[in-house]
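Analysis of the macromolecular model
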Amino acid sequence: MSTELVPSSFGTPPAILSGQQGANDELGSGIASSYGIVGYRGKVWSIKYQGKETQLMREDGDGPRGSIEVVIVKAASAISKIYYAGGYQDGSNAPPDCWSTNGVTPDASASNKQNATCAGCPMNAWGSRVTESGKQGKSCSDSRRIAVVPVNDMANEMFGGPMLLRIPAASLKDLKAYGELLNNYQYPYYAAATRISFDPKEAYPKFVFSAIRPLTAEEAKFVLDLRGDKRVGNILNEAQELGAPRQEEVASVPTSPFEQATPPAPKAAPKAAAPKPAPKEAPKTEPVGAVGAAPASFDEMLDNIL
C-alpha cells in the first residue's frame, strides 16, 4: 500500500475548514501503532517487537541479564487486570480470557468476560485462587502498565521508541516505595535512570528498583516531551495529559538516592601561568581503591544480542 502526496496545486483549504486538521485522526481511530514489550519468563528478560522476541543476554555470553537500565517515562493511573480461565502457562502466547486496562470494567475485546464490573467479579475476589503452597490469592492478576525507554538510547528506534512493561502484583508495593524514595529527594520518577532487577531472595520474579543517576537537563527535556507522545498514550491505553506544566530542569539536592552523580559539564581550560621552580617530588603512595566499572548499558546490550 502506498500513500500519494497531496498535490501542491491544492493550495490552502477554505477558511470554513480552518482548524479541522484534527479530523484526520479519525482515519486511524482504533488502529494502534506497534510498540515493543519488555517481558520476562522466569527471570530472563526479553523484548518482543513486531512478532520477534529477543532474549536479553549478558554481553560476556554467560547467561541472561539480571537487570535492565531504563527511564520510566510514564505509568498508567489505573491497575490493570488479567484473567486466564485455566491459569497462565509460562511461555504461552494465548490471549487471556478476560482483562481490563482500567481496572473498572472488562475491555470490550475480552473474549470471555467474567462479570460486568471488576469490583463485583468473583475472579477478582480474594481467595478465588489458592497457590501450590496453600496461600490464598486472586484468580485475576493485578499489574500496572508503565512506558519505558533504554536509558542510553532513549529514541530506541530499533524497538519502535517507548516500550510497555507490566509491573506484576508482587512488585507493586516495591514500585510505590521506589516512588516515595525519589519523592523524598524531590525527583520525579521520570527524571531518574532506573535499574530494574530480580530479587535474588525470591524464587518468583519479584522486581527490585534502584536509582542509577539523575538525568541531565537535555535528557530530562527529551523525556518530558515523550510523556505527551501518542505512542506512550497507546501503551498505557489512556487519554493524553495535554497542557501539563513542564519542568525544564531538576533541581539538585545535597544528598541523593542515586548510585552515580550527574555527569559534570566540561570546564574551560585554565590560562597558562608563569613557570615556577619545580617542587621537590613527593613520596608516592598507593591508591586506596579503584572505582568499579559502570554496569553495561541497555543499548550496548541490545547491540550484542542482535
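Summarised in this report is the structure supplied together with it.

**Topic: the nonpolar core**
- The biggest cluster of nonpolar side chains holds 26 residues, and the ones touching the most others in it are Val-38, Trp-45, Val-148, Leu-165, Ile-167, Ile-196 and Phe-207.
- Of all elements in the fold, only strand E2 (44-49), strand E4 (67-75), strand E9 (140-150), strand E10 (163-168), helix H1 (172-184), strand E11 (192-198) and strand E12 (207-214) reach the threshold of two or more residues within this core.
- Ranked by the residues each element gives to this core, the list is headed by H1, at 4 residues.
- Other than its neighbours up to four places away in sequence, Ile-167 contacts Asp-142, Ser-143, Arg-144, Ile-146, Leu-172, Leu-175, Phe-207 and Phe-209.
- Core analysis: the second largest hydrophobic core is formed by 18 residues, Val-149, Met-154, Leu-164 and Leu-236 among them.

**Quick notes on the pattern of salt bridges**
- In this structure the tally under the stated criterion is 11 salt bridges.
- Note that Lys-138 and Asp-142 form a salt bridge whose closest N and O atoms lie 2.9 Å from each other. The pair formed by Lys-138 and Asp-142 is uniform in burial state, with each residue classed as buried.
- With a closest N to O distance of 3.3 Å, Lys-221 and Asp-225 form a salt bridge. In this pair, Lys-221 and Asp-225 are both assigned in helix H2 (residues 217-227), 4 residues apart and thus about one turn of the helix distant.
- The class for Lys-221 is partly exposed, based on a relative accessible area of 40%.
- Through salt bridges with shared partners, a single network forms among Arg-65, Glu-69 and Arg-195.

**Description of unusual backbone geometry**
- Of note in this structure, Gln-50 is not a glycine but carries a positive phi near 50°.
- Here Gln-50 shows up in the loop between E2 and strand E3 (52-55).

**Brief notes about the pairing of E4**
- Summarising burial for E4: 8 of the 9 residues are buried, a large majority.
- Here 4 bridges tie E4 to E11, and the two strands are oriented antiparallel to one another. Residue pairing in the sheet places Ile-68 in a bridge with Ile-196 of E11.
- Sheet topology places E4 next to E9; 5 bridges connect them, and they run antiparallel. Bridge assignment links Val-71 to a residue of E9, and that residue is Val-149.

**As for the packing of aromatic side chains**
- Following the criterion strictly, the structure yields 10 aromatic pairs and no others.
- With a centroid separation of 5.4 Å and 40° between ring planes, the pair formed by Trp-45 and Phe-207 is classed as tilted. With Trp-45 in strand E2 and Phe-207 in strand E12, this pair connects stretches of sequence that are 162 residues apart. Here Trp-45 and Phe-207 have matching classes, each one buried.
- When the ring of Tyr-178 is compared with that of Phe-209, the centres are 5.8 Å apart and the planes differ by 25°; the resulting orientation is stacked.

Thresholds applied
Residues numbered from 1 in each chain as written. Predicted model: local features only at pLDDT ≥ 70, side-chain atom pairs only at ≥ 80, totals over all residues. Heavy atoms only, no water. Core = buried A, V, L, I, M, F, W, Y, C linked by side-chain atoms within 4.5 Å. Buried < 20%, exposed > 50% of the residue type's maximum accessible area, 1.4 Å probe, protein only. Helix = DSSP H or I, 4+ residues; strand = E, 2+ residues; numbered from the N terminus. Contact = heavy atoms within 4.5 Å. Salt bridge = Lys/Arg side-chain N within 4 Å of Asp/Glu carboxyl O. Pairing = 2+ DSSP bridges. Phe/Tyr/Trp six-rings, centres within 6.5 Å; stacked < 30°, edge-to-face > 60°.

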